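Architecture and fold: a report
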Amino acid sequence: VPAVADPLDAAFAALSSPVRRDLVARLSGGEQSVSALAEPLGITLQGVSQHLQVLQDAGLVAREKRGRTSYCRLVGTRLGEASAWLDHHRRAWERSLELFGDYVEGLE
Amino acid sequence: VSDVVIERVVAAAPELAFRAWTEPEHVRRWWRPHGMGPTSVEIDLRPGGRYRIGMAGGDGEAVYVGGAFRELDPPHRLSYTWRWENGELAGTGESLVTVEFRAVPAGSRVTIRHELLADAARGAHEQGWSDCLDALGGVAAHAA
């Protein structure tokens, strides 16, 4: 199974770039136009557009054109899935390690 | 963070801890993530060998997790892939679990690391990731 076939892998892959993490961090404050996103990065509109496309393909960001301006916003679901995966496994391992410890200590 | 790391010191030597972690008759006795008891435990403990654990909660239907052993260095270290076959986490892809048992005066320090397996996700371990995902957790809660 190719890694990109998995939605969660795609989300993590998209967030492996510092530029894209910066974009996501700034979008966490709310919707922004593509040109406003590009400005502080000092990269071209086309450059930022490519990064946004990766985030969009990973289901992290939605883009909408209103008039002549494109706006981006975060999509919560996929981010929620990524953190839900981590939360789920963290809780499960904490509990498992507790039970494992109690069990193995009882063996000696 | 793109992975989960959990540690605990247990009052048992690494040899015993390793066996309790990898032998089905022991695993059956302590494996209860989220209160789900094991319904089946199959472990073929050799490099490339597979394991599969079924577990069920109150509502009955068993969920299965399984994978293959990658590294085996008893009694200190083992790693295995991890994939949910069904249930709410099916489709979240393959991940990797690495467990270490290091001898300490009190017994063993057990470290569990559970990480996503995609190459890209490994690249994501660079700094900044952690803060980012922490922030995302809050954002996700708002946006969902």
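In what follows, the structure referred to is the one given above.
No experiment lies behind these values; they were computed from the predicted model shown.

Things to note about the overall build of chain B
- In terms of helices and strands, chain B carries 4 helices and 7 strands.
- The secondary structure elements of chain B, listed N-terminal to C-terminal, are β-α-α-β-β-β-β-β-β-α-α.
- Taken across its 144 residues, chain B has 47% of its residues classed as buried.
- Carbon and sulfur atoms provide 49% of the accessible area of chain B, an area that totals close to 6700 Å².

Focus on the overall build of chain A
- Along the backbone of chain A there are 5 helices and 3 strands.
- Each helix and strand of chain A, ordered N terminal to C terminal, gives the series α-α-β-α-α-β-β-α.
- Residue burial in chain A is summarised as follows: out of 108 residues, 44% are buried.
- Within chain A, counting contacts between residues at least 6 apart in sequence, those at least 24 apart form 46% of the total.

Points about the sheet that holds strand β6 (residues 95-104) of chain B
Residue and element names in this part refer to chain B.
- Taken together, 7 strands build an open sheet; the order of strands is β1-β7-β6-β5-β4-β3-β2 and the sheet is antiparallel. The sheet is open, and its two edges are formed by β1 (3-10) and β2 (37-43), each paired on a single side. Across this sheet, the average inter-strand angle for adjacent strands is 20°, counted without regard to direction.
- Here helix α1 (residues 14-22) sits on the sheet in contact with β2, β4 (63-73), β5 (77-84), β6 and β7 (107-116), set at roughly 155° to β6.

What about the sheet that holds strand β2 (residues 61-66) of chain A?
Residue and element names in this part refer to chain A.
- With antiparallel pairing, the 3 strands of this open sheet are ordered in space as β1-β3-β2. For this open sheet the edge positions go to β1 (32-33) and β2, each flanked by a neighbour on one side alone.
- Taken together, the 2 bridges between β1 and strand β3 (residues 69-74) define a ladder with antiparallel strand orientation. The residue of β3 that forms the bridge with glutamine 32 is cysteine 72.

Focus on the pairing of β6 of chain B
All names here are of chain B.
- The pairing of β5 with β6 spans 6 bridges and is antiparallel. If you follow serine 79 over to β6, its bridge partner there is threonine 98.
- Both β6 and β7 contribute to a ladder of 10 bridges, which runs antiparallel. Bridge pairing links alanine 103 to serine 108 in β7.

So, the side chain of serine 96 of chain A
- Secondary-structure assignment places serine 96 of chain A in helix α5 (residues 76-107).
- Residue classification places serine 96 of chain A among the buried residues on the basis of a relative accessible area of 1%.
- Contact partners of serine 96 of chain A, with chain neighbours within four places excluded, come to Trp30, Trp31 and Pro33 of chain B.

Quick word on the nonpolar core
- Residues Trp93 and Phe100 of chain A together with Trp21, Tyr80, Trp82, Val99 and Phe101 of chain B are the most contacted members of the largest nonpolar core, which totals 40 residues.
- Look past the residues within four positions of tryptophan 21 of chain B in its chain and what remains in contact with it is Trp93, Leu97 and Phe100 of chain A together with Val27, Trp30, Leu78, Tyr80, Val99, Phe101 and Ile112 of chain B.
- Counting 18 residues, the second-largest nonpolar core is a separate cluster that includes Leu15, Val24, Leu55 and Val61 of chain A.

What to know about unusual backbone geometry
- Following proline 74 of chain B, the chain continues to proline 75 of chain B via a peptide bond in cis, the omega torsion being 0°.
- On the secondary structure map, proline 75 of chain B appears in the loop between β4 and β5.

So, the pattern of salt bridges
- Tallied over the full model, the rule gives 15 salt bridges over all chains.
- One salt bridge connects arginine 90 of chain A with aspartate 87 of chain A, and the closest N-O pair in it is separated by 3.6 Å. In this pair, arginine 90 of chain A and aspartate 87 of chain A are both assigned in helix α5, 3 residues apart and thus about one turn of the helix distant.
- Close ionic contact of arginine 8 of chain B with glutamate 105 of chain A constitutes a salt bridge, the shortest N to O distance being 3.8 Å.

Some thoughts on the packing of helix α2 (residues 18-27) of chain A against helix α4 (residues 45-57) of chain A
Residues and elements named next belong to chain A.
- Relative orientation of the contacting elements α2 and α4 amounts to 80°, with a least axis distance of 10 Å. In terms of axis orientation, α2 runs roughly perpendicular to α4. Taking contact as the criterion, the partners of Val19, Arg20, Leu23 and Val24 in α2 are, on α4, Val48, His51, Leu52, Val54 and Leu55.
- Class assignment of the residues belonging to the contact of α2 with α4 gives a composition of 7 nonpolar, 1 polar and 1 charged.

Conventions adopted
- The residue count restarts for each chain, going from 1 along the sequence in the order it is written.
- Throughout, the order in which chains and ligands are written sets their labels, letters from A for the former and numbers from 1 for the latter.
- For this predicted model, a pLDDT threshold of at least 70 governs which residues receive local features, and a threshold of 80 or more governs which side-chain atom pairs are given and counted, while totals over whole chains, interfaces and linings are taken from all residues.
- The basis for every side-chain value is the complete set of non-hydrogen atoms in the structure, without hydrogens or water.
- Strands are runs of DSSP state E lasting at least 2 residues, helices are runs of H or I lasting at least 4, and numbering of each runs from the N terminus.
- Under the scheme applied here, a residue whose accessible area is under 20% of the maximum for its type counts as buried, over 50% as exposed, and between as partly exposed, the area being computed with a 1.4 Å probe on protein chains only.
- Values of accessible area rely on a 1.4 Å probe in the Shrake-Rupley scheme; residue burial ignores everything except the protein chains shown.
- We call two residues in contact when some of their heavy atoms are within 4.5 Å.
- At least two DSSP bridges between two strands are required for those strands to pair.
- Each axis is a line fitted through C-alpha atoms, taken for helices only over the stretch in contact, and angles between the N-to-C directions span 0 to 180 degrees.
- Side-chain atoms within 4.5 Å link the members of a nonpolar core, which is a set of buried Ala, Val, Leu, Ile, Met, Phe, Trp, Tyr and Cys residues.
- Salt bridge, as applied in this entry: a Lys or Arg side-chain nitrogen positioned within 4 Å of an Asp or Glu carboxyl oxygen.
- When an angle is under 35 degrees it counts as roughly parallel; over 145 it counts as roughly antiparallel; between 65 and 115 it counts as roughly perpendicular; any other value is oblique.
- Residues are grouped as follows: Ala, Val, Leu, Ile, Met, Phe, Trp, Tyr, Cys and Pro are nonpolar; Asp, Glu, Lys and Arg are charged; every other residue, Gly included, is polar.

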